[in-house]
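Spelled out from the first residue to the last, the chains are:
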Amino acid sequence: MISATKKPIVLFFVFLFFMLSIFAGCTEEKTDIRNDFSFTTLNGETKHLNDFYGKVIVLDCMAVNCQPCMLQMFELKKISENYSTIDVTILSIDVWVSTGETSTMLQGMIDAFKNQVNITLDWTFGLDDLQGTIQNTYASAGVPTLYILDKKGNIYYSHVGYESYVDLANKIDEVLIKN
Amino acid sequence: MKNQRTFILTLVVVSILGATAVLAAGTGLPIGTITVSPSAPAALSTVTISVTISGEAPSEVRVNVEECNGNTGICYPDIQNVSMPLASSSIYRTDVTLKHSDATYITITVVAKINNAWQESSQKKVNLSGTQDGNNGGDKGTPGFELVIFVAAIGVSLILINRKRVK
């Protein structure tokens, strides 16, 4: 039998067991970007993510050889048209440089949008490094992977795969209200 | 209406990707049509990819196979880059085993090194027919270890309560 002195200990472990079972499957959704990253723009400049802090950032980890990423461009274009650049900035980073994508290919994609469908992709484009640093950290599950960061650079929302303008806009509106 | 829009968008995307590939590779490509066997392979199956390359013999031919899920709009990062040996006159061939159980289509690009310069084919999209047996580690919604702990916790509690009553 359990002695009176051991009872609180046993009850504590039972309680601990319950709590563990309840919270074991939970993951935290909103985390901070702990490490800033750098990328190369199409002009060859090195930029850092923290250069864009102060605005809500829509970070689009994409690739040229990815059909959903091309469809995503149409949705990002709507964001570009409907939100002021004072409040929201879009960064599309080609994260498949380690698999052979180049700045020429990325520029070719932007030109193709302009020439084929008369859409100007008028936001910042950049490339990951050859080691795939950004890919490994932010887009290891696939492309496109989208993040919405608040004005301080904290990740407010993330989504792997194509995301519609409406869903993105809802999240942007939420983070704009909170900031 | 939505389907029509999706269809038009897909056509636009294919044309953009085609234009991008042509811009990247230049014109006058000697890389011919890419053929896939079976023509509608299943996810996780092995696919035989063949291509005809005319003109000067390339020193190296490789194929990039990318797997995507059209429902979720994801392309997976583990692109397979496989060498294509010469199978017969001007025909290069290789087998590639697909990795993702939930992929709904693959895109294939052949690159050939001709006169020390890499030339790239246009991208070929192949829809997958379905999924073969096998689990690629995805979460199928089955109970996890937390459920086991939960059941164990209830069991231990019931035993303790019973003991207390007997006492």
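From a predicted model like this one, the values you see are computed outputs, not experimental measurements.

Novice: I tried to follow the overall build of chain A on my own but got confused; where do I start?
Specialist: Tallying secondary structure elements over chain A gives five helices and seven strands in all. Walking chain A from its N terminus toward its C terminus, one meets helices and strands in the order α-β-β-β-α-β-α-β-α-β-β-α.

Novice: Honestly, the sheet that holds strand β1 (residues 31-37) of chain B in this entry has me stumped. Any pointers?
Specialist: Strand pairing in a sheet relies on backbone hydrogen bonds, with the paired strands running either antiparallel or parallel. Residue and element names in this part refer to chain B. Read from one edge to the other, the open sheet built from four strands follows the order β1-β2-β7-β6, with strand pairing classed as antiparallel. Edge positions in the sheet fall to β1 and β6 (86-88), since each of these pairs with one other strand and no more. Pairs of neighbouring strands in the sheet enclose a mean axial angle of 35°, with direction left out of account. Both β1 and strand β2 (residues 46-53) contribute to a ladder of five bridges, which runs antiparallel. Residue pairing in the sheet places V36 in a bridge with I49 of β2.

Novice: Could you clarify how one ought to interpret the sheet that holds strand β5 (residues 124-127) of chain A in this entry?
Specialist: All names here are of chain A. One open sheet accounts for seven strands, arranged β2-β1-β5-β4-β3-β6-β7; its pairing is mixed. Because the sheet does not close on itself, it has two edges, and the strands there are β2 (46-48) and β7 (155-160). On average, each strand axis in the sheet is tilted by 30° relative to the strand beside it, whichever way the strands run. In terms of strand pairing, strand β3 (residues 56-62) meets strand β4 (residues 88-94) through seven bridges, oriented parallel. If you follow M62 over to β4, its bridge partner there is D94. Across the sheet, helix α5 (residues 165-178) lies against β3, β4, β6 (145-149) and β7, angled at about 145° from β3, the strand it touches most.

Novice: Help me understand helix α2 (residues 67-82) of chain A in this model?
Specialist: The α-helix winds at 3.6 residues per turn, so residues separated by three or four positions along the chain end up facing the same way. Here α2 of chain A contains 16 residues, and its C-alpha end-to-end distance of 24 Å stays within 8% of the 22 Å for a straight helix at 1.5 Å per residue. Listed in full, the buried residues belonging to α2 of chain A are Q67, P68, C69, M70, Q72, M73, E75 and L76 of chain A.

Novice: How should the nonpolar core be read in this particular structure?
Specialist: Among soluble globular proteins, nonpolar side chains are generally buried collectively. Core analysis: the biggest nonpolar cluster contains 64 residues, and V58, C61, A63, V95 and V143 of chain A have the highest contact counts within it. Contact partners of C61 of chain A, with chain neighbours within four places excluded, come to I93, V95, I134, Y138, A139, V143, P144 and T145 of chain A.

Novice: Help me out: how do you make sense of the packing of α2 of chain A against α5 of chain A in this one?
Specialist: For any two helices packed against each other, the geometry comes down to the angle between their axes and how far apart the axes lie. Residues and elements named next belong to chain A. Packing of α2 against α5 brings their axes to within 9 Å, and their N-to-C directions diverge by 40°. Taken together, the axes of α2 and α5 lie oblique to each other. Crossing of α2 over α5 shows right-handed handedness. Of α5, the residues touching α2 (which contributes E75, K78 and I79) are Y165, L168 and A169. Grouping the constituent residues of the contact of α2 with α5 by class yields four nonpolar, no polar and two charged.

Novice: I tried to follow the environment of L44 of chain B on my own but got confused; where do I start?
Specialist: Mapped onto the elements of the fold, L44 of chain B is located in the loop between β1 and β2. Measuring from C-alpha to C-alpha, the distance between L44 of chain B and Y105 of chain B comes to 11 Å, with 61 residues separating the pair along the chain.

About the thresholds
- Residues numbered from 1 in each chain as written.
- Chains lettered and ligands numbered in written order.
- Predicted model: local features only at pLDDT ≥ 70, side-chain atom pairs only at ≥ 80, totals over all residues.
- Helix = DSSP H or I, 4+ residues; strand = E, 2+ residues; numbered from the N terminus.
- Pairing = 2+ DSSP bridges.
- Axes fitted to C-alpha atoms, helices over the stretch in contact; angles between N-to-C directions.
- Contact = placed C-beta atoms within 7 Å.
- Expected span 1.5 Å × (residues − 1).
- Buried ≥ 20, exposed ≤ 12 C-beta atoms within 10 Å, placed from the backbone.
- Core = buried A, V, L, I, M, F, W, Y, C linked by C-beta atoms within 7 Å.
- Parallel < 35°, antiparallel > 145°, perpendicular 65-115°, else oblique.
- Left-handed = near helix turned anticlockwise from the far one by under 90°.
- Nonpolar A, V, L, I, M, F, W, Y, C, P; charged D, E, K, R; others polar.

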